[in-house]
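Residue-level structural notes
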Amino acid sequence: MKPFARSIAVLIGLMVTALLIARPIQAEQVRSTAAPAATAARPFRLPFTDPPGPGTWYLGQGYGNTIGAYFQRDVMYRAGQGLHFGVDFAAPCGTTVVAIGDGAVAKVDAPEHGALPHNLLLQLDAGYSTLYGHLLERSKLKVGERVTKGQPVGLSGDSFGTCHSAPHLHLEIRSPDYLTAYNPINLIDADWNTLALVGAYQRGFERDLANPRKWQFPDDQPDTKFAGPLLNNFAQPWPPDWYRRR
Ligand SMILES: [Zn+2]
């Protein structure tokens, strides 16, 4: 091969190599301009239409191994392995709550699911069920009725029924058969890190000093298997039980 022809061959080889290298970069650029991956991983929306704030709603107790659930592990949360198996949103009584996803009404005021005085269960098309707890009044929706994401489904209430004791919405996301509860923080598309900076949420999670990093973050909490064994009978709990009993 003549030197000129060899140069041409090398040049063509370099161009082909450059094209092969460029192709994955272009694909990466296309991906980066697409919708955030979190949308697919977190298919649901918050149950409120207003932005958070002191006059609207804010994050109360988180899901999972909370300090509050630990102290109630043998009583209120025994059936849920000692965990707080939903998320609490503090809100004035009468705040409109909306469907977190498309679905259908499964149950209206089902006492077997707790969270009285009124609750509402939806079966969601994305393959989950959800419970709205401590509602102010019986939802006007009928069993079997279709709901769309963002549609008003009820009014938030108070777990003591007073509207000045503990007004909040308790929201659960479960499997369609209701036997497993999941961490809503990993399924609802929201800025959870910012939401967790204010309010009662800062009380945080119960710690096992024998394994102090276990279940200490909002998005790192175990699923709840109803009627399963307690998960937080810790060897060295902190805060300890005597702290609550004083
Ligand atoms: Zn709750």
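Our structure is the block above this text.
Read on for an overview of the structure. (Residues numbered from 1 in each chain as written. Predicted model: local features only at pLDDT ≥ 70, side-chain atom pairs only at ≥ 80, totals over all residues. Heavy atoms only, no water.)

Focus: the overall build of the protein
Across its full length, the protein holds five helices and 14 strands. Here the protein, with 246 residues, has 42% of them falling under the buried criterion. Here the contacts in the protein between residues at least 6 apart in sequence split such that 69% fall between residues at least 24 apart. Roughly 13,300 Å² of accessible area belongs to the protein as shown, and the carbon and sulfur atoms make up 60% of that amount. (Helix = DSSP H or I, 4+ residues; strand = E, 2+ residues; numbered from the N terminus. Buried < 20%, exposed > 50% of the residue type's maximum accessible area, 1.4 Å probe, protein only. Contact = heavy atoms within 4.5 Å. Areas by Shrake-Rupley, 256 points an atom, 1.4 Å probe, with all protein chains shown as cover.)

Focus on unusual backbone geometry
A negative phi holds for most residues other than glycine; trans holds for most peptide bonds. Note that the residue after Leu 116, namely Pro 117, is joined by a cis bond; omega there is 15°. In this structure, Pro 117 sits in the loop between β4 (103-108) and β5 (118-124). Residues Trp 238 and Pro 239 are joined by a peptide bond in cis, for which omega reads 0°. Relative to the elements of secondary structure, Pro 239 occurs in the loop between β14 (237-238) and α5 (241-245). Residue Ala 115 is not a glycine yet carries a positive backbone phi of 55°. Relative to the assigned elements, Ala 115 resides in the loop between β4 and β5. Ala 115 sits in the buried class, given a relative accessible area of 15%.

What about the coordination of the zinc ion?
All of the protein donors around the zinc ion are His 84 (NE2), Asp 88 (OD) and His 170 (ND1); their distances to the metal are 2.1 to 2.2 Å. The sequence pattern formed by the donor residues of the zinc ion is H-x3-D-x81-H. Like His 84, the residue Asp 88 is buried in the burial classification. (Donors = N, O, S within 2.8 Å, 3.2 Å for Na, K, Ca; no water.)

Observations regarding the layout of surface pockets
For the largest pocket, the calculated volume is near 930 Å³. Along its surface, the largest pocket is lined by 36 residues, and Gln 61, Tyr 77, His 84, Asp 88 and His 168 are the ones closest to its centre. For the lining of the largest pocket, the elements supplying multiple residues, two or more each, are α3 (67-71), β2 (87-90) and β10 (167-174). Per element, the largest residue contribution to the lining of the largest pocket is five residues, and it comes from β10. Looking at the lining of the largest pocket, its residues break down into 15 nonpolar, 15 polar and six charged. (1 Å grid on protein atoms, 1.4 Å probe; cavity = no way out; pocket = protein on both sides within 12 Å on 5 of 7 lines; lining within 4 Å. Points joined across faces, edges and corners; volume = space filled by probe spheres on them. Nonpolar A, V, L, I, M, F, W, Y, C, P; charged D, E, K, R; others polar.)

Comments concerning a nonpolar patch on the surface
A contiguous nonpolar surface patch, about 460 Å² in accessible area, is contributed by Leu 209, Trp 238, Trp 242 and Tyr 243. By relative accessible area, which is 43% here, Trp 238 ends up partly exposed. (Patch = residues over 30% accessible without salt bridge, like charges linked within 9 Å, V, L, I, M, F, W, Y side chains within 5 Å. Salt bridge = Lys/Arg side-chain N within 4 Å of Asp/Glu carboxyl O.)

Examining the pattern of salt bridges
Overall, the coordinates contain six salt bridges when judged by the stated rule. Here Arg 73 and Asp 241 are joined by a salt bridge, their closest N and O atoms 3.1 Å apart. Taken together, the positions of Arg 73 in the loop between α3 and β2 and Asp 241 in helix α5 put the pair 168 residues apart, joining distant regions of the chain. Residue classification places Arg 73 among the buried residues on the basis of a relative accessible area of 10%.

Structural notes on the environment of Trp 215
With respect to the helices and strands, Trp 215 occurs in the loop between β12 (207-208) and β13 (224-225). Its relative accessible area of 14% is what places Trp 215 among the buried residues. For Trp 215 and Phe 205, which are 10 residues apart along the polypeptide, the C-alpha to C-alpha distance reads 7.4 Å. The contact partners of Trp 215, leaving out residues within four places of it in the chain, are Asn 65, Phe 205, Asp 220, Gln 221, Pro 222, Leu 231 and Phe 234.

Remarks on the nonpolar core
Ranked by internal contacts, the top residues of the largest apolar core, which has 37 residues, are Phe 89, Leu 120, Tyr 132 and Trp 192. Elements supplying a minimum of two residues to this core: β2, β4, β5, β6 (128-135), β10 and α4 (192-195). In contact with Trp 192, other than residues within four places in its own chain, are Leu 46, Leu 59, Phe 89, Pro 184 and Ile 185. Membership of the second largest hydrophobic core comes to five residues, among which are Ala 110, Ala 115, Leu 121 and Tyr 178. (Core = buried A, V, L, I, M, F, W, Y, C linked by side-chain atoms within 4.5 Å.)

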